[in-house]
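This is what each chain is made of:
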Amino acid sequence: MSPAPAPWTGMLPVDDTALAVTDTGGDGIPVVYLNGQFATQGYWRRVIAELGDGYRHITYDERARGRRSGRSADYSFEACVRDVDAVLAARGVRRALAVGWSYGAYLAAHWASRNPGRALGAVLVDGAMPYDWLDEAMEQRIRKQFRQWSWFLPLLRPTGITPRMNAEELAACNIELGRVGRERELAPVLDALAVPTRYVLASGTSLGSRGDEQERIRAALTGVTARNPHVVISAKVPSNHGAILRKDFRAVATAVREVTPAAPTAP
């Protein structure tokens with residue numbers, strides 16, 4: 001029997017950049033955690049602590065996120081999907097659970113849908129809901145919002161709270177997500193999921209949303225769960241989008257356990 005993988009933290013070269021990666025090692029079932037669009041791997045610490053050492057936890061900061069991951073010429077959604085494969089390959093992991101929050105939920109859904117032989121399951125935390133929320137007015141609103149924030153975002157970069165990206169790059173990422181999330185684009189991805197998939201939904205608003213926009217988006221899952229028996233809403237929790245990993249981490253951990261294979265699986 002080969003020894004269990006040792007814990008590892010370091011920089012992983014990918015394309016024109018490098019990603020800060022943490023792997024707890026061990027012989028538990030591998031879980032790769034996919035962050036919110038501008039978030040960092042530290043957001044998962046409560047979920048990881050709740051799940052404990054029965055899992056092998058792999059986290060990383062996407063391009064230009066956090067304190068250490070490098071800048072890149074490519075911040076596209078497809079580049080982020082490729083990065084999931086790059087991280088798993090570098091850590092010698094063939095099969096894993098994919099757990100994503102917000103933007104990371106879209107990544108987890110796409111990766112699991114494209115890799116049914118490698119994905120053990122998926123947990124999608126308040127993201128990856130097919131809905132046509134992006135129109136010309138919303139696109140302009142997004143660009144205006146990031147221009148308004150551009151003066152103070154650089155002040156926060158040394159803390160790792162905000163990405164090392166300019167206002168136009170930040171807006172472009174957000175707008176692209178609106179296109180990725182359109183019903184005609186995302187619904188086929190979710191319909192094709194062939195592994196156990198659980199949603200954990202927040203309540204109320206998210207950063208930048210107005211009125212009941214976010215609840216209308218969440219309601220779009222009704223059709224997905226009706227069409228695909230692999231997809232189930234595990235919980236709808238009282239915390240909002242931004243606080244869900246901090247306040248309702250136990251619900252996220254429960255969803256991970258729900259999609260965990262009963263029998264051990266080779267990494």
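No experiment lies behind these values; they were computed from the predicted model shown.

Visitor: Could you clarify how one ought to interpret the packing of helix α3 (residues 103–114) against helix α7 (residues 183–191) in this entry?
Guide: In contact at an axis separation of 9 Å, α3 and α7 are set at 55° when each is read in the N-to-C sense. The angle between the axes of α3 and α7 places the two elements in the oblique class. The element α3 and its partner α7 pack so that their crossing is left-handed. Side by side, α3 and α7 meet where Tyr106, Ala109, His110 and Ser113 of the first sit next to Leu186, Val189 and Leu190 of the second. Of the residues assigned to the contact of α3 with α7, the class counts are 5 nonpolar, 2 polar and no charged.

Visitor: Before we go on, may I ask you to explain α3 in this structure?
Guide: Each turn of an α-helix holds 3.6 residues, which means side chains three or four residues apart point in the same direction. With 12 residues, α3 extends 17 Å between its outermost C-alpha atoms, agreeing within 8% with the 16 Å of an ideal straight helix rising 1.5 Å per residue. Extensive coverage of α3 is indicated by the burial of 11 of its 12 residues. When α3 is considered as a whole, its buried residues turn out to be Tyr103, Gly104, Ala105, Tyr106, Leu107, Ala108, Ala109, His110, Trp111, Ala112 and Ser113. On the buried face of α3, the contacting elements are β3 (29–34), α2 (77–90), β5 (96–101), β6 (119–125), α6 (167–180) and α7.

Visitor: Please clarify how the sheet that holds strand β4 (residues 55–61) should be interpreted in this entry.
Guide: Backbone-to-backbone hydrogen bonds pair the strands of a sheet. The strands run either parallel or antiparallel. Within the open sheet, the 8 strands sit side by side as β1-β2-β4-β3-β5-β6-β7-β8. Their pairing is mixed. Edge positions in the sheet fall to β1 (8–14) and β8 (231–236), since each of these pairs with one other strand and no more. Between one strand and the next, the sheet's axes are offset by a mean angle of 20°, whatever the strand orientation. Pairing analysis gives 7 bridges linking β1 to strand β2 (residues 17–23), with the strands arranged antiparallel.

Visitor: Mind showing me how you'd approach the packing of aromatic side chains here?
Guide: How two aromatic rings sit relative to each other is set out by the distance from centre to centre and by the angle between their planes. A complete count under the given rule lists 6 aromatic pairs for this structure. Between the aromatic rings of Tyr43 and Trp101, the centroid separation amounts to 5.5 Å while the plane-to-plane angle is 25°, which identifies the pairing as stacked. Residue Tyr43 is located in the loop between β3 and α1 (45–51), and its partner Trp101 is located in strand β5; the two are separated by 58 residues in the primary sequence. Between the aromatic rings of Phe77 and Tyr103, the centroid separation amounts to 5.8 Å while the plane-to-plane angle is 80°, which identifies the pairing as edge-to-face. Taken as a pair, Phe77 in helix α2 and Tyr103 in helix α3 lie far apart in primary sequence, 26 residues in all. What links up through ring pairs into an aromatic cluster is the set Phe38, Phe146 and Trp149.

Visitor: Looking at this model, I keep getting lost on the packing of α2 against α3. Mind explaining?
Guide: Put simply, α2 and α3 touch, their axes get as near as 10 Å, and they point 65° apart. One way to sum up the angle between α2 and α3 is to call them roughly perpendicular. The interaxial crossing formed by α2 with α3 has right-handed handedness. Contacts between α2 and α3 involve Phe77, Glu78, Cys80, Val81, Val84, Asp85 and Leu88 from the first element and Tyr103, Tyr106, Leu107, His110, Trp111 and Arg114 from the second. Its residues assigned to classes, the contact of α2 with α3 comprises 9 nonpolar, 1 polar and 3 charged.

Rules of the game
- Residues numbered from 1 in each chain as written.
- Predicted model: local features only at pLDDT ≥ 70, side-chain atom pairs only at ≥ 80, totals over all residues.
- Heavy atoms only, no water.
- Axes fitted to C-alpha atoms, helices over the stretch in contact; angles between N-to-C directions.
- Helix = DSSP H or I, 4+ residues; strand = E, 2+ residues; numbered from the N terminus.
- Parallel < 35°, antiparallel > 145°, perpendicular 65-115°, else oblique.
- Left-handed = near helix turned anticlockwise from the far one by under 90°.
- Contact = heavy atoms within 4.5 Å.
- Nonpolar A, V, L, I, M, F, W, Y, C, P; charged D, E, K, R; others polar.
- Expected span 1.5 Å × (residues − 1).
- Buried < 20%, exposed > 50% of the residue type's maximum accessible area, 1.4 Å probe, protein only.
- Pairing = 2+ DSSP bridges.
- Phe/Tyr/Trp six-rings, centres within 6.5 Å; stacked < 30°, edge-to-face > 60°.

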